[in-house]
Amino acid sequence: DQQVKQNSPSLSVQEGRISILNCDYTNSMFDYFLWYKKYPAEGPTFLISISSIKDKNEDGRFTVFLNKSAKHLSLHIVPSQPGDSAVYFCAAIPYSGAGSYQLTFGKGTKLSVIP
Amino acid sequence: KAGVTQTPRYLIKTRGQQVTLSCSPISGHRSVSWYQQTPGQGLQFLFEYFSETQRNKGNFPGRFSGRQFSNSRSEMNVSTLELGDSALYLCASSSSALSSYNEQFFGPGTRLTVL
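Visitor: Before we move on, could you go through the overall build of chain B and cite the residues and values that matter?
Guide: Each helix and strand in chain B was counted, giving zero helices and 11 strands. Reading chain B from its N end, one meets helices and strands in the order β-β-β-β-β-β-β-β-β-β-β. By the compact-globule yardstick of 13 Å for 115 residues, chain B fits well, its C-alpha radius of gyration being 14 Å. Principal-axis analysis of the C-alpha atoms gives chain B an extent of 45 × 25 × 25 Å. Across chain B, the fraction of contacts at a sequence separation of at least 24, relative to all contacts at a separation of at least 6, is 54%. With 11 positive and 6 negative side-chain charges, chain B shows a spacing of 4 Å between the two charge centroids.

Visitor: How would you summarise the nonpolar core if you had to cite specific residues and measurements?
Guide: Counting 23 residues, the largest nonpolar core has Phe33, Trp35, Leu73, Leu75 and Tyr88 of chain A as its most contacted members. Counting only elements with at least two residues in this core, the list comes to strand 3 (19–25), strand 4 (30–38), strand 5 (45–51), strand 7 (62–67), strand 8 (72–77), strand 9 (86–94) and strand 11 (109–114) of chain A. For this core, the element with the most residues is strand 9 of chain A, which contributes four residues. With residues up to four places along the chain from it excluded, the contact list for Phe33 of chain A reads Tyr25, Ile48, Ser49, Ile50, Ser52, Leu66, Leu73, Ala91 and Ala92 of chain A. Within the second largest apolar cluster, 21 residues are counted, among which are Leu46, Tyr49, Val78 and Ala87 of chain B.

Visitor: Hey, could you go over the sheet that holds strand 3 of chain A for me, with residue numbers and the actual values?
Guide: Strand order in this open sheet of five strands is 1-3-8-7-6 (chain A), and the pairing throughout is antiparallel. The sheet is open, and its two borders are formed by strand 1 (4–5) and strand 6 (56–59) of chain A, each paired with just one other strand.

Visitor: Go over the state of the cysteines, please, and point to the residues and values.
Guide: Residues and elements named next belong to chain A. Taken as a whole, this structure holds two disulfides over all chains when the rule is applied. Covalent S-S linkage joins Cys23 and Cys90, the inter-sulfur distance amounting to 2.0 Å. When the S-S torsion is -75 degrees, as for the bridge of Cys23 with Cys90, the disulfide is left-handed. Highlighted residues: Cys23 in strand 3 and Cys90 in strand 9, separated in sequence by 67 residues.

Visitor: Mind laying out unusual backbone geometry, listing which residues take part and the relevant values?
Guide: Along the chain, Val78 of chain A connects to Pro79 of chain A via a cis peptide bond; the corresponding omega equals -15 degrees. Note on placement: Pro79 of chain A falls in the loop between strand 8 and strand 9. Here the amide bond leading from Thr7 of chain B into Pro8 of chain B is cis, since omega sits at -10 degrees, within 30 degrees of zero. By secondary structure assignment, the location of Pro8 of chain B is in the loop between strand 1 (5–7) and strand 2 (10–13). One non-glycine residue, Lys71 of chain A, adopts positive backbone phi at about 55 degrees. Tracing the backbone through its elements, the reader meets Lys71 of chain A in the loop between strand 7 and strand 8. When its relative accessible area of 26% is taken as the criterion, Lys71 of chain A is described as partly exposed.

Visitor: Give a detailed account of the pairing of strand 11 (residues 110–114) of chain B, specifying residues and quantitative values.
Guide: Residues and elements named next belong to chain B. Judged by which residues are buried, strand 11 turns out to be one-sided: Thr110, Leu112 and Val114 face inward and are buried, whereas Arg111 and Thr113, on the alternate face, are not. Note: strand 2 against strand 11, four bridges, orientation parallel. Bridged to Tyr10 within strand 11 is Arg111. Judged from the three bridges that link them, strand 9 (residues 87–94) and strand 11 form a sheet pairing that is antiparallel. Across the sheet, the residue bridging to Ala87 is Leu112, located in strand 11.

Reading the values: rules and limits
- Residues numbered from 1 in each chain as written.
- Chains lettered and ligands numbered in written order.
- Predicted model: local features only at pLDDT ≥ 70, side-chain atom pairs only at ≥ 80, totals over all residues.
- Heavy atoms only, no water.
- Helix = DSSP H or I, 4+ residues; strand = E, 2+ residues; numbered from the N terminus.
- Rg over C-alpha atoms; globule rule 2.2 N^0.38 Å.
- Contact = heavy atoms within 4.5 Å.
- Lys, Arg positive; Asp, Glu negative; His and termini not counted.
- Charge placed at Lys NZ, Arg CZ, Asp CG, Glu CD.
- Core = buried A, V, L, I, M, F, W, Y, C linked by side-chain atoms within 4.5 Å.
- Buried < 20%, exposed > 50% of the residue type's maximum accessible area, 1.4 Å probe, protein only.
- Pairing = 2+ DSSP bridges.
- Disulfide = S-S within 2.5 Å.

As structure tokens, this is what we get:
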């Protein structure tokens, strides 16, 4: 049973516009959320994270929003650039109190930014 | 600072054989996690090691095992290979400060093909 869901397998956006990638989760124990970007033949690269005590975190062109009541988070990229074209994974970590780092990933959304 | 390195990058084995994959974490990182990526299941957590101890384990059969050495380098072993074990195996390291969550840094992966 998938605990982290990315319902859009792909997304195409025009260069300069906003890209919005969505992620839903079902496990109420998830306490920390991360977004990773992955190019072919490379490992995922960390982008941005958010703790469950916050509802927004910003880092340059990337902003993550968390709606705990809806169990939903989204990644906004503004403005989108062709180099942003990659697969984006949403991931979550449950609270364990012991420093465990088991990431549960969504299946990814392939973003294509069209010049 | 050198990133996470994984060897070998590509591997071809036949059913029934066993395989050992190696991961060297970022210097100073004590937590090493392993993930399996397949087209159908996405990225799935295998296990995590910290200070030579397995701290967490995903839902994989006992054919999948691992270990961590005193220098934090880690190996994972898959015995009695099956066709379904064909996947990209990713290793990630983290500084694992217990007081907070830390992002995981991924290596490029080992592409295992089972024939």
